Each structure stands twice: as structure tokens, then as C-alpha cells.
Amino acid sequence: MASISEQERAKEEYSFIYGDEAVHYEVVRKAHPSGKKRRLSIKVHPNCDVVITAPEDAAKQAIHDAVMKRAKWIYDALKSFRDQLEHVQAKHYQSGEMQFYLGRRYVLKVVEDSDSSPSVKMRRGKLLVSLPSFKVDKPAQVKGLVSHWYRQRAERVFQQRLTELMPQATWVSELPSFQVLPMTKQWGSCSARGSLMLNPHLVKAPKECIDYVLLHELCHIAEHNHSDRFWRLLSSVMPHWQEVKSRLDGMAELYLNE
């Protein structure tokens, strides 16, 4: 397997002009799978990185021509993600706000019902919060209920995903213990004793992103720093981890926003 330094050397950076903007993109060349012809793929990530995955023998001009054929699509995708990132605002926990769960968007709907007990439920694309009509700070009530709901869901999902991933983590002898604790800059961490600390906001991300974070932390049980051996181990269980990380990083501001 190629080392991280070899992977980085395979990257190329170019740009093209669309309208009055210079659009930068990165080319990552990969070998042909055995017996198969690798196709060129173009991805625009939520953090506005444009990544072209191309066969290792593809000509630069052929790559550029393929990019230019999709120049408008790339530009429109970048504009959409930029607009999204520009409008990240502090939540007020009022009906109509957007919430996320496992990569899907849900509209928050707050219902006051004096006959019901406080609850949070997912229903038909909505995150429905019911609470009695108490004369107290309603946004704080809603935030507390939603945060508790996320924490409960996170504990359940993380347990499920760890159980699913354990057969891949052959270097781990038993299912590690974990705590769910909000963090402002980290998705997870691993102690010297092999216990994990995981951010409940991670449950807002797609399962593949959750798996990336869990595998990353499981790799730290074997390799406690980010050495070449660590990255090789992570690549062995998730070869496309860089793409998944980029996807998660691109949405981090939205997922962590509260």
C-alpha cells in the first residue's frame, strides 16, 4: 500500500476560469483496479474542495477537457455550498430551523401541548418537539430536549457502529468503552487505556462519516500518534478515508452549530 507521502506526491493542482472566477481543483491519480478500467470522477465537497480522481495514466489535457465539460456544474455546486456556509447562524430552537440526523435534514417543529409530557420524535421529515405550555424560557427548554435526544441517539448509534466495525479492527481485542461528550473542535479522542470519547454532534453526520471517526479512534488503540504506521492502518480498513474526512469537515460548521 502506498504511504501517505506517496499519496501526496500523486496529487496535482490546477485551475480554470469560469466567468470572472478562477476555480481551483486537485487531481488524485489512482491505479487501475485489477482487470477493470478506472473512470475519471469529479466531486465538489461541502468545504468547497474540488477533487478529480483520475487513472494514473490519464493525460492532463484529457482531464482538463473532462473538467471543462462540467465547469458549470462545478461552479453551481461551489456556489450552493458557499451560500450554505455563509448562512450558518446560531440556532434559536424555533419551528422552521434545520436539524440533522445521520446525514439527513429535518425541520424542527415545536408544539406546545399542556396535556403532553416533554418529548422529541422524528416524523415525516420533521423533528417534532412537544412540551407543556410552561411560562419559562421556551428556547432553552427546546434546546435541552433536543440535546438530550441527540445524546441518546448518539449512544445507540455509536454502539451499533462500533459493533459492526469490530471485525475490521483485528488489532482490538474487545469492544472499547466510550463516553459521549460535547466537544467544540473534535469528533472523538482515544485515551491511553483505549477508551473512546465521542462527540454527540457526530450522530448528525452520515454513517460513513461516523465510521471514519470510529475507525480513526480505533486505530489509535494500536498507534497512539499520527505516524505513517497509523495512516497505513487506517487506509487498510478505509481506503477512501480522505474523501470521507473531507465530506465531514465540509459540514462540520453546520453539524456543530447550536
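Above this text you will find the structure in question.
Since we're looking at a predicted model, the values are computed, not measured.

1. Observations concerning the packing of helix α4 (residues 138-165) against helix α5 (residues 207-222)
Next up, step 1: Contact pair α4 / α5: the axes reach a minimum separation of 10 Å and the direction vectors enclose 65°. Considering the angle they form, α4 stands roughly perpendicular to α5. Between α4 and α5 the crossing geometry is right-handed. When α4 is examined against α5, the residues Val157, Phe158, Arg161, Leu162 and Leu165 are found in contact with a partner set consisting of Lys207, Ile210, Asp211, Leu214, Leu215 and Leu218.
Next up, step 2: When its residues are assigned to classes, the contact of α4 with α5 shows eight nonpolar, no polar and three charged.

2. A look at the nonpolar core
Next up, step 1: Residues Val142, Val146, Phe158, Leu202, Tyr212, Leu234 and Leu248 are the most contacted members of the largest nonpolar core, which totals 51 residues.
Next up, step 2: Not counting residues up to four positions away in its chain, the partners in contact with Leu202 are Phe158, Trp187, Cys209, Ile210, Val213 and Leu248.

3. Topic: the sheet that holds strand β5 (residues 98-101)
Next up, step 1: Across the sheet, which stays open at both edges, the four strands sit in the order β5-β6-β8-β7 with mixed pairing between neighbours. Edge strands, defined here as strands with exactly one partner in the open sheet, are β5 and β7 (119-123). Each strand of the sheet is rotated relative to its neighbour by a mean of 35°, with strand direction disregarded.
Next up, step 2: Both strand β6 (residues 104-112) and strand β8 (residues 126-131) contribute to a ladder of six bridges, which runs parallel. The partner of Glu112 across the bridge, within β8, is Leu131.
Next up, step 3: Its contacts with the sheet put α4 on β5, β6, β7 and β8, and the angle it makes with β8 is roughly 125°.

4. What to know about the pattern of salt bridges
Next up, step 1: Applying the stated criterion across every chain yields a total of ten salt bridges.
Next up, step 2: The closest approach of N and O atoms between Arg29 and Glu12, which form a salt bridge, is 2.3 Å. Of the two residues, Arg29 sits in strand β2 (residues 21-30) while Glu12 sits in strand β1 (residues 11-18), which places them 17 residues apart along the sequence.
Next up, step 3: Among the salt bridges present, the one from Asp211 reaches Arg161, with a minimum N-O distance of 2.9 Å. Linking Asp211 in helix α5 with Arg161 in helix α4, this pair joins segments that are 50 residues apart in sequence.
Next up, step 4: Its relative accessible area of 10% is what places Asp211 among the buried residues.

Rules and cut-offs
- Residues numbered from 1 in each chain as written.
- Predicted model: local features only at pLDDT ≥ 70, side-chain atom pairs only at ≥ 80, totals over all residues.
- Heavy atoms only, no water.
- Axes fitted to C-alpha atoms, helices over the stretch in contact; angles between N-to-C directions.
- Helix = DSSP H or I, 4+ residues; strand = E, 2+ residues; numbered from the N terminus.
- Parallel < 35°, antiparallel > 145°, perpendicular 65-115°, else oblique.
- Left-handed = near helix turned anticlockwise from the far one by under 90°.
- Contact = heavy atoms within 4.5 Å.
- Nonpolar A, V, L, I, M, F, W, Y, C, P; charged D, E, K, R; others polar.
- Core = buried A, V, L, I, M, F, W, Y, C linked by side-chain atoms within 4.5 Å.
- Buried < 20%, exposed > 50% of the residue type's maximum accessible area, 1.4 Å probe, protein only.
- Pairing = 2+ DSSP bridges.
- Salt bridge = Lys/Arg side-chain N within 4 Å of Asp/Glu carboxyl O.

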